[in-house]
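Residue strings, one per chain:
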Amino acid sequence: IANKGFDEQYNVWQYLVGARGSLPVRDWTWDAFLAYDSTKHNQTMLNAVLKSRVQTLLNAADGGASICAGGYNPFGVANATSISDACRRYLTASPKSSENLSQSQFQTVVQGSVVDLPAGPVSLAVLGAYRRNTYDFTPDANLASQNVEAILATASSRGKIGVKEIAAQLDVPLLRDLPLVHQLNLGAAARYSDYTTSGGVKSYEGDVKWRPTNALRLRGSYQ
(Lines give C-alpha, C1' and ligand atoms only; values in the text may rest on other atoms or scores of the structure.)
Protein backbone atom coordinates (compact mmCIF):
# COMPACT_ATOMS: atom_id res chain seq x y z
CA ILE A 1 0.00 0.00 0.00
CA ALA A 2 1.28 3.49 -0.81
CA ASN A 3 2.58 5.70 1.97
CA LYS A 4 -0.06 7.42 4.03
CA GLY A 5 -0.01 11.11 4.76
CA PHE A 6 -2.04 14.25 5.30
CA ASP A 7 -2.45 17.36 3.20
CA GLU A 8 -3.51 20.33 5.33
CA GLN A 9 -4.64 23.66 3.92
CA TYR A 10 -5.63 26.67 6.04
CA ASN A 11 -7.16 29.91 4.83
CA VAL A 12 -7.52 32.66 7.43
CA TRP A 13 -9.26 36.01 6.93
CA GLN A 14 -9.37 38.84 9.46
CA TYR A 15 -11.19 42.15 9.00
CA LEU A 16 -11.29 44.98 11.54
CA VAL A 17 -12.61 48.52 11.40
CA GLY A 18 -12.87 50.99 14.25
CA ALA A 19 -13.68 54.60 15.01
CA ARG A 20 -13.51 57.00 17.95
CA GLY A 21 -14.69 60.47 18.78
CA SER A 22 -15.93 62.87 21.45
CA LEU A 23 -19.39 63.65 22.79
CA PRO A 24 -20.79 67.13 23.54
CA VAL A 25 -20.97 66.34 27.28
CA ARG A 26 -18.10 67.31 29.60
CA ASP A 27 -15.04 65.22 28.65
CA TRP A 28 -16.96 62.19 27.34
CA THR A 29 -15.54 60.13 24.48
CA TRP A 30 -16.62 57.06 22.53
CA ASP A 31 -14.94 54.34 20.54
CA ALA A 32 -16.24 51.33 18.65
CA PHE A 33 -14.99 48.50 16.47
CA LEU A 34 -16.43 45.84 14.19
CA ALA A 35 -14.45 42.65 13.45
CA TYR A 36 -14.91 39.48 11.44
CA ASP A 37 -12.56 36.47 11.53
CA SER A 38 -12.86 33.30 9.47
CA THR A 39 -10.74 30.15 9.27
CA LYS A 40 -11.23 27.39 6.70
CA HIS A 41 -9.37 24.12 7.17
CA ASN A 42 -9.36 21.54 4.37
CA GLN A 43 -7.76 18.18 5.10
CA THR A 44 -7.03 15.26 2.78
CA MET A 45 -5.92 11.88 4.15
CA LEU A 46 -3.69 10.45 1.46
CA ASN A 47 -3.80 6.73 0.59
CA ALA A 48 -6.09 5.69 3.42
CA VAL A 49 -7.07 2.01 3.52
CA LEU A 50 -10.81 1.43 3.12
CA LYS A 51 -12.00 -1.26 5.53
CA SER A 52 -15.03 -2.21 3.42
CA ARG A 53 -12.83 -2.87 0.38
CA VAL A 54 -10.46 -5.05 2.42
CA GLN A 55 -13.43 -7.06 3.70
CA THR A 56 -14.76 -7.49 0.16
CA LEU A 57 -11.46 -8.94 -1.03
CA LEU A 58 -11.18 -11.22 2.00
CA ASN A 59 -14.69 -12.55 1.43
CA ALA A 60 -14.17 -13.19 -2.28
CA ALA A 61 -14.03 -16.90 -3.15
CA ASP A 62 -11.09 -16.36 -5.51
CA GLY A 63 -9.15 -14.12 -3.08
CA GLY A 64 -10.31 -11.05 -4.95
CA ALA A 65 -8.61 -11.91 -8.24
CA SER A 66 -11.84 -11.21 -10.13
CA ILE A 67 -12.02 -7.74 -8.53
CA CYS A 68 -8.44 -6.57 -8.99
CA ALA A 69 -5.41 -8.14 -10.65
CA GLY A 70 -3.71 -10.72 -8.41
CA GLY A 71 -6.27 -10.49 -5.64
CA TYR A 72 -5.35 -9.86 -2.01
CA ASN A 73 -3.44 -12.24 0.24
CA PRO A 74 -2.94 -10.71 3.72
CA PHE A 75 -0.61 -13.46 5.00
CA GLY A 76 3.14 -12.96 4.91
CA VAL A 77 5.33 -9.96 4.26
CA ALA A 78 6.07 -11.06 0.68
CA ASN A 79 2.36 -11.14 -0.20
CA ALA A 80 1.66 -7.87 1.58
CA THR A 81 4.40 -6.07 -0.32
CA SER A 82 3.56 -7.46 -3.75
CA ILE A 83 -0.01 -6.21 -4.16
CA SER A 84 -0.75 -5.16 -7.71
CA ASP A 85 -1.32 -1.51 -8.62
CA ALA A 86 -4.93 -2.35 -9.44
CA CYS A 87 -5.52 -3.72 -5.94
CA ARG A 88 -3.73 -0.75 -4.36
CA ARG A 89 -6.07 1.59 -6.17
CA TYR A 90 -9.06 -0.50 -5.15
CA LEU A 91 -8.06 -0.68 -1.46
CA THR A 92 -7.19 2.98 -0.92
CA ALA A 93 -8.75 6.39 -1.25
CA SER A 94 -7.98 9.95 -0.15
CA PRO A 95 -10.95 11.04 1.99
CA LYS A 96 -11.47 14.74 2.56
CA SER A 97 -12.98 16.92 5.26
CA SER A 98 -13.62 20.63 5.64
CA GLU A 99 -13.83 22.65 8.84
CA ASN A 100 -15.03 26.25 9.01
CA LEU A 101 -14.92 28.58 11.99
CA SER A 102 -15.97 32.22 12.14
CA GLN A 103 -16.41 34.98 14.69
CA SER A 104 -18.26 38.26 14.29
CA GLN A 105 -18.05 40.88 17.00
CA PHE A 106 -19.03 44.47 17.68
CA GLN A 107 -18.15 46.56 20.70
CA THR A 108 -18.64 50.16 21.69
CA VAL A 109 -17.61 52.08 24.81
CA VAL A 110 -18.57 55.53 26.05
CA GLN A 111 -16.66 57.01 28.97
CA GLY A 112 -16.10 60.23 30.84
CA SER A 113 -16.52 62.05 34.14
CA VAL A 114 -19.89 62.36 35.85
CA VAL A 115 -19.27 64.85 38.63
CA ASP A 116 -16.29 66.54 40.27
CA LEU A 117 -15.48 65.71 43.88
CA PRO A 118 -12.81 67.33 46.08
CA ALA A 119 -10.51 64.32 45.44
CA GLY A 120 -11.13 64.34 41.68
CA PRO A 121 -13.77 63.52 39.06
CA VAL A 122 -16.03 60.47 39.29
CA SER A 123 -15.44 58.44 36.13
CA LEU A 124 -17.95 56.17 34.38
CA ALA A 125 -17.54 53.81 31.43
CA VAL A 126 -20.40 51.95 29.72
CA LEU A 127 -19.85 49.09 27.27
CA GLY A 128 -22.10 47.31 24.81
CA ALA A 129 -20.94 44.25 22.84
CA TYR A 130 -22.11 41.42 20.63
CA ARG A 131 -20.24 38.28 19.58
CA ARG A 132 -21.24 35.37 17.38
CA ASN A 133 -19.23 32.20 16.77
CA THR A 134 -20.07 29.55 14.15
CA TYR A 135 -18.62 26.10 13.49
CA ASP A 136 -19.16 23.69 10.62
CA PHE A 137 -17.39 20.36 10.05
CA THR A 138 -18.15 18.25 6.97
CA PRO A 139 -16.41 14.90 6.37
CA ASP A 140 -16.83 12.83 3.25
CA ALA A 141 -18.75 9.53 3.28
CA ASN A 142 -15.75 7.32 4.11
CA LEU A 143 -14.84 9.37 7.18
CA ALA A 144 -18.42 9.71 8.37
CA SER A 145 -19.05 5.94 8.14
CA GLN A 146 -15.77 4.99 9.86
CA ASN A 147 -14.64 3.21 6.73
CA VAL A 148 -11.04 4.37 7.09
CA GLU A 149 -8.47 2.29 8.94
CA ALA A 150 -7.64 3.52 12.47
CA ILE A 151 -10.04 6.49 12.24
CA LEU A 152 -13.00 6.84 14.59
CA ALA A 153 -16.40 7.77 13.25
CA THR A 154 -16.44 11.46 12.39
CA ALA A 155 -19.93 12.71 11.76
CA SER A 156 -20.65 16.13 10.37
CA SER A 157 -21.38 18.76 12.99
CA ARG A 158 -22.29 22.41 13.03
CA GLY A 159 -23.51 25.00 15.46
CA LYS A 160 -23.38 28.61 16.55
CA ILE A 161 -23.40 30.62 19.75
CA GLY A 162 -24.03 34.31 20.27
CA VAL A 163 -23.84 36.63 23.26
CA LYS A 164 -25.04 40.17 23.91
CA GLU A 165 -23.36 42.05 26.73
CA ILE A 166 -23.73 45.33 28.55
CA ALA A 167 -21.34 46.48 31.27
CA ALA A 168 -20.54 49.55 33.35
CA GLN A 169 -17.59 50.56 35.51
CA LEU A 170 -17.47 53.38 38.06
CA ASP A 171 -14.44 54.91 39.77
CA VAL A 172 -14.97 57.26 42.75
CA PRO A 173 -12.03 59.23 44.24
CA LEU A 174 -12.46 59.58 48.04
CA LEU A 175 -9.25 61.14 49.34
CA ARG A 176 -6.00 62.52 47.94
CA ASP A 177 -2.84 64.39 48.93
CA LEU A 178 -3.07 63.52 52.62
CA PRO A 179 -0.49 61.91 54.96
CA LEU A 180 -0.26 58.20 53.96
CA VAL A 181 -3.05 58.76 51.43
CA HIS A 182 -1.70 60.04 48.18
CA GLN A 183 -4.88 58.68 46.59
CA LEU A 184 -7.82 56.51 47.73
CA ASN A 185 -10.47 55.37 45.26
CA LEU A 186 -13.48 53.08 45.33
CA GLY A 187 -14.50 51.20 42.21
CA ALA A 188 -17.44 49.09 41.09
CA ALA A 189 -18.39 47.24 37.94
CA ALA A 190 -21.26 45.10 36.67
CA ARG A 191 -21.89 43.06 33.55
CA TYR A 192 -24.90 41.28 32.09
CA SER A 193 -24.35 38.67 29.38
CA ASP A 194 -27.18 37.05 27.43
CA TYR A 195 -26.10 33.81 25.68
CA THR A 196 -28.20 32.20 22.96
CA THR A 197 -27.46 28.76 24.44
CA SER A 198 -27.83 29.31 28.19
CA GLY A 199 -29.57 32.61 28.83
CA GLY A 200 -28.55 35.51 31.04
CA VAL A 201 -25.56 35.69 33.40
CA LYS A 202 -24.82 38.50 35.85
CA SER A 203 -21.43 39.38 37.31
CA TYR A 204 -20.13 42.21 39.46
CA GLU A 205 -16.98 43.53 41.09
CA GLY A 206 -15.99 46.02 43.77
CA ASP A 207 -12.50 47.28 44.58
CA VAL A 208 -10.46 49.66 46.71
CA LYS A 209 -7.32 51.32 45.34
CA TRP A 210 -4.98 52.95 47.84
CA ARG A 211 -1.76 54.76 47.06
CA PRO A 212 0.01 55.67 50.30
CA THR A 213 2.76 57.28 48.21
CA ASN A 214 3.14 58.09 44.57
CA ALA A 215 5.46 55.08 44.12
CA LEU A 216 3.25 52.45 45.78
CA ARG A 217 -0.26 51.28 44.90
CA LEU A 218 -2.33 48.66 46.75
CA ARG A 219 -5.54 47.18 45.42
CA GLY A 220 -8.12 44.80 46.87
CA SER A 221 -11.25 43.55 45.12
CA TYR A 222 -14.23 41.24 45.45
CA GLN A 223 -15.95 39.65 42.47
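These figures come from a predicted structure and were not determined experimentally.

Colleague: Would you take a moment to explain the packing of aromatic side chains for this structure?
Modeller: What describes a pair of aromatic rings is the distance from one ring centre to the other and the angle between the planes of the rings. In total, this model carries two aromatic pairs according to the counting rule given. Plain terms: the ring middles of Y15 and Y36 are 6.5 Å apart, the flat faces sit at 20 degrees to each other, and that makes the pair stacked. Separated by 21 residues along the polypeptide, Y15 in strand β1 (residues 5–22) and Y36 in strand β2 (residues 29–46) bring together distant segments of the chain. Since its relative accessible area comes to 34%, Y36 is described here as partly exposed. Ring geometry for Y204 against Y222: centres 6.4 Å apart, planes inclined by 40 degrees, an arrangement best described as tilted.

Colleague: Looking at this model, I keep getting lost on the nonpolar core. Mind explaining?
Modeller: For soluble globular proteins, the rule of thumb is that nonpolar side chains tend to be buried together. By size, the foremost hydrophobic cluster in this structure holds eight residues: V49, V54, L57, C68, Y72, I83, C87 and L91. For this core, the secondary-structure elements that each account for two or more residues are α1 (51–59) and α3 (85–91). Among the nonpolar cores identified, the runner-up in size contains five residues, and M45, L50, L143 and V148 belong to it.

Colleague: Would you explain the pairing of strand β6 (residues 120–139) in this entry?
Modeller: Taken residue by residue, a regular strand's side chains alternate between the two faces of the sheet. Where strand β5 (residues 96–117) lies against β6, 20 bridges are found, and the strand directions are antiparallel. Within β6, the residue paired with V110 across the bridge is V126. Taken together, β5 and the strand that follows it, β6, pair antiparallel across an intervening segment of two residues. Both β6 and strand β7 (residues 157–178) contribute to a ladder of 15 bridges, which runs antiparallel. Within the sheet, the bridge partner assigned to T134 lies in β7 and is K160.

Colleague: What is the right way to look at the environment of S97 in this model?
Modeller: Checked against the element boundaries, S97 lands in strand β5. Exposure remark for S97: the relative accessible area of 9% places this residue in the buried category. Spatially, the C-alpha atoms of S97 and Y222 are 47 Å apart, while their sequence positions differ by 125 residues. Beyond its immediate chain neighbours, meaning those up to four positions away, S97 contacts H41, N42, Q43, F137, T138, P139 and L143.

Colleague: Is there a simple way to explain the environment of D62 in this structure?
Modeller: Along the chain, D62 turns up in the loop between α1 and α2 (77–80). Here D62 falls in the partly exposed class, since its relative accessible area comes to 39%. For the pair D62 and I83, spaced 21 residues apart in sequence, the C-alpha separation works out to 15 Å. At 2.9 Å, the side chain of D62 forms a polar contact with the backbone nitrogen of S66.

About the criteria used
- Residues numbered from 1 in each chain as written.
- Predicted model: local features only at pLDDT ≥ 70, side-chain atom pairs only at ≥ 80, totals over all residues.
- Heavy atoms only, no water.
- Phe/Tyr/Trp six-rings, centres within 6.5 Å; stacked < 30°, edge-to-face > 60°.
- Helix = DSSP H or I, 4+ residues; strand = E, 2+ residues; numbered from the N terminus.
- Buried < 20%, exposed > 50% of the residue type's maximum accessible area, 1.4 Å probe, protein only.
- Core = buried A, V, L, I, M, F, W, Y, C linked by side-chain atoms within 4.5 Å.
- Pairing = 2+ DSSP bridges.
- Contact = heavy atoms within 4.5 Å.
- Polar contact = N/O pair within 3.5 Å; in protein donor to acceptor, adjacent residues only side chain to side chain.

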